[in-house]
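Inside the fold
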Amino acid sequence: MTDLDRGLDGGLDEPEELQPAEGSLRLVGDGDTYDVHAWEAATAAVLRKARHLGEDAPDSDVWTALTRTTLDGIDVAPIGQPSDLEGRTTSGRPTRAGAWDVRTQVEVVDDRAANEAVLQDLENGATSVLLHLDEEREHDWATILDGVLLDLAPVVLDRASTEQVEAFATFLEGIEGALHPATNLSLDPQTVEMLPHRTGTSARDQLVPLARRAFQLGVRALVVDGTALHDEGASDAQELGWVVGTGVAYLRLLDEAGFPLEQAARTVELRIAATDEQFATIAKLRAVRRLWARVLEASGVEGVEAALHAVTSRPMTSRRDPWVNMLRGTVAAFAAGVGGADAVTVVPFDEPLGAPDAFGRRIARNTSSLLIEESHVAAVTDPAGGSYAVERLTDDLAVAGWAELGRIEGDGGALADDARSAVRERVRAVAEQRDAQVADRSRPLTGVSEFPNLAEVLPEREPLPHRHVRHHGWAYEDLRAAPMDEPVFLATMGPVAAHTARATFATNLLAAGGIAVETAGATASVDDVLAAHAGQRVVVLTGTDAAYAEWGADLVAGLRSAGATYVVLAGKPGERTVTEVDDSCALGVDALGFLGRIREELSK
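This text gives an overview of the structure that appears in the document.

The rules behind these values
- Residues numbered from 1 in each chain as written.
- Predicted model: local features only at pLDDT ≥ 70, side-chain atom pairs only at ≥ 80, totals over all residues.
- Heavy atoms only, no water.
- Helix = DSSP H or I, 4+ residues; strand = E, 2+ residues; numbered from the N terminus.
- Rg over C-alpha atoms; globule rule 2.2 N^0.38 Å.
- Buried < 20%, exposed > 50% of the residue type's maximum accessible area, 1.4 Å probe, protein only.
- Contact = heavy atoms within 4.5 Å.
- Areas by Shrake-Rupley, 256 points an atom, 1.4 Å probe, with all protein chains shown as cover.
- Lys, Arg positive; Asp, Glu negative; His and termini not counted.
- Charge placed at Lys NZ, Arg CZ, Asp CG, Glu CD.
- Expected span 1.5 Å × (residues − 1).
- Polar contact = N/O pair within 3.5 Å; in protein donor to acceptor, adjacent residues only side chain to side chain.
- Pairing = 2+ DSSP bridges.
- Axes fitted to C-alpha atoms, helices over the stretch in contact; angles between N-to-C directions.
- Core = buried A, V, L, I, M, F, W, Y, C linked by side-chain atoms within 4.5 Å.
- Phe/Tyr/Trp six-rings, centres within 6.5 Å; stacked < 30°, edge-to-face > 60°.

**Some remarks on the overall build of the chain**
Along its length, the chain carries 21 helices and 17 strands. In summary, the chain has a C-alpha radius of gyration of 27 Å against a globular reference of 25 Å for 604 residues, a match within 12%. Along the longest, intermediate and shortest principal axes, the C-alpha atoms of the chain span 85 × 60 × 50 Å. Classification of the 604 residues of the chain by burial places 56% in the buried group. In the chain, 78% of the contacts between residues at least 6 apart in sequence involve partners at least 24 apart. A total of about 25100 Å² of accessible surface is found on the chain, and carbon and sulfur atoms cover 51% of it. The positive charge centre, built from 54 side chains, and the negative charge centre, built from 97, are 1 Å apart in the chain.

Here it is, written out as structure tokens:
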């Protein structure tokens, strides 16, 4: 057993001392101080008004009502308290001082066009380059990097094949002068083998010789790419465990080949996905540093910091209403910077549509530039450090990630077939859990499941080289890709003020499934609604509970006589005041299941 193996069996670090403040939660406002009980009372009043808390429920129930549980089973409270610092098992903080490396992404399809994009990005705010290569062809590195000052601008590859890595290394060996030490040959045989369209590669066998070439060049050799598993649907803890487990496997291989472990550790860069779940991303970036530091400590390595590259999440982006991707990318980049990432890549907002154009790349690199130069996010090292909530979440994620690492090690380590199969099974289970939350819209997706725009015209982009990504909103986007020809009739009952809430809800819900609506408008009777009905087969009743009780049954009978074959009530199924309907829709329903039923009726 190596020192590393013994260390992994030993568990996590004891935490550094962070003393909780005396007493309970104290909030200050308007010159007055409020304790936790005052906060509970004020919050409970708001929740009761919104009917999210029962009238007879104690004020203290606000914690349960507002606590969110992550896909890893971690509870995230609505506000941090001093008690969150109790019982922690990990320690460590980001140490990056100053601006992060703005690592722009360039899609390499045509070598000359890629060179123009690289130079444009480096001249306008980017400080390094992430190249995604077309795996179907050979590339001319002299053309791609013509004019690039390689001693100043690191170059890193994205999920490159062994052959592409070797060609890159050969090109770098012919460069006169120094190379930037953050340049990375970017070999990641584990990720390449995990990608569905690249199985059967012998890339793992090339790890040691390529590491030697990297050492001779004075650059890094390896990338441990957690974003690949994230793209398949992994949770935060699964991504952490996979990254650390794969890194451990690489260190073992290099150790067995005779590399000093300190030298081996310096050849590795960790790549992590940053999402628009701001606090979870901050905590994840802080947690992975703690876990990697524990691995290096177990290896007897001192003085080596993790090289951490954050890439904004691709699964969180959408083809529909792609402009929202700018907001998602901004939140993710902010969280990555606050979490201590050394390099941040913002995926262009238009990538889901194809190859990003110059505008998409400009917005992507400017996102980091604005955060650094205008918002001064990088002016403070670890700005989230000491936050009760962030410290708690960081510790919980680190513990969950370490437990995932233990499962991987128990299955033979990250390079073992059994371990990879088991990881994929666990990822599939989490992906199904996320799908269920997207389906009932408890995990809302703006522009996809919420506030969709059926009339939008999508920007056109050139086809993009293959990339396997499981977008969170894939099911809704599949429906939107095949819109229904026939609209649904909204049988709006009463004046606009009376029916607008439920009519708007139903309109947005149907639009998420590619279904348009036609509305009756303001009405006062059954005859008014029937006068606006033009024979549509599917009808949704939208009005107040009082209107449903007063003339809902008569309206349903009249609509069926006028040709309606499927009548839906906008309201909760358990509160139906009209029993003659075929279906209902309300907050919390399985939206995808409902949309499937409506589309089936419209297709008859």
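And the narrative resumes.
**Section: helix 16 (residues 417-439)**
The end-to-end C-alpha distance of helix 16 is 33 Å, a good match for the 33 Å that 23 residues give at a rise of 1.5 Å each. Listed in full, the buried residues belonging to helix 16 are Ala419, Arg420, Ala422, Val423, Val427, Val430, Ala431, Arg434, Asp435, Gln437, Val438 and Ala439. Following helix 16 by one or two positions, Arg441 has its phi on the positive side, about 65°.

**Things to note about the side chain of Asp188**
Tracing the chain through its elements places Asp188 in the loop between strand 8 (184-187) and helix 7 (189-194). A polar contact is formed between the side chain of Asp188 and the side chain of Tyr250, at a distance of 2.6 Å. Non-local contacts of Asp188, meaning those with residues more than four positions away in its chain, are made with Val223, Val224, Asp225, Thr246 and Tyr250.

**Some thoughts on the sheet that holds strand 15 (residues 538-542)**
Read across the open sheet, the five strands follow the order 14-13-15-16-17; overall the sheet is parallel. Unpaired on one side and paired on the other, strand 14 (517-519) and strand 17 (583-585) mark the two borders of the sheet. Going from strand to strand, the sheet's axes swing by 30° on average, the running direction of each strand aside. Bridge count between strand 15 and strand 16 (residues 566-570): four bridges; the pairing is parallel.

**Overview of helix 6 (residues 162-173)**
The terminal C-alpha atoms of helix 6 lie 16 Å apart, and with 12 residues this matches the ideal 16 Å at 1.5 Å per residue to within 8%. Looking only at helix 6, the buried set comprises Thr162, Gln164, Val165, Phe168, Ala169, Phe171 and Leu172. Lining the buried residues of helix 6 we find strand 6 (128-133), helix 5 (141-144), strand 7 (155-157), strand 8 and helix 8 (207-217).

**Describing the sheet that holds strand 10 (residues 268-274)**
An order of 7-6-5-12-11-10-9-8 is seen for the eight strands of this open sheet, with the pairing classed as parallel. Every interior strand has two partners, whereas the edge strands, strand 7 and strand 8, have only one. With strand direction ignored, the average angle separating the axes of adjacent strands in the sheet is 30°. Here two bridges tie strand 5 (residues 101-108) to strand 12 (residues 343-345), and the two strands are oriented parallel to one another. Paired with Asp101 across the two strands is Ala343, which belongs to strand 12. Most of the contacts of helix 4 (residues 111-122) go to strand 5, to which it runs at about 165°, and overall it touches strand 5 and strand 6.

**Side note on the nonpolar core**
Counting residues in each nonpolar core, the largest one holds 101 residues, and the members touching the most others are Leu131, Trp141, Leu145, Leu185 and Leu270. In terms of residue count, helix 10 (residues 236-256) provides more of this core than any other element does, 10 residues in total. Ignoring any residue separated from it by four or fewer positions in sequence, one finds Leu270 in contact with Val224, Val243, Val288, Trp292, Ala306, Ala307, Leu308 and His309. By size, the runner-up hydrophobic cluster in this structure holds 45 residues, among which are Leu479, Val556, Val578 and Leu595.

**Focus: the packing of aromatic side chains**
Following the criterion strictly, the structure yields four aromatic pairs and no others. The interplanar angle of 40° and the centroid separation of 4.7 Å between the aromatic rings of Trp141 and Phe168 together place this pair among those described as tilted. Within this pair, whereas Trp141 is found in helix 5, its partner Phe168 is found in helix 6, the two being separated by 27 residues in sequence. Taken individually, Trp141 and Phe168 each receive the classification buried, so the pair is uniform in this respect. Geometrically, the ring pair formed by Phe349 and Phe359 is edge-to-face, given 5.8 Å between the ring centres and 85° between the ring planes.

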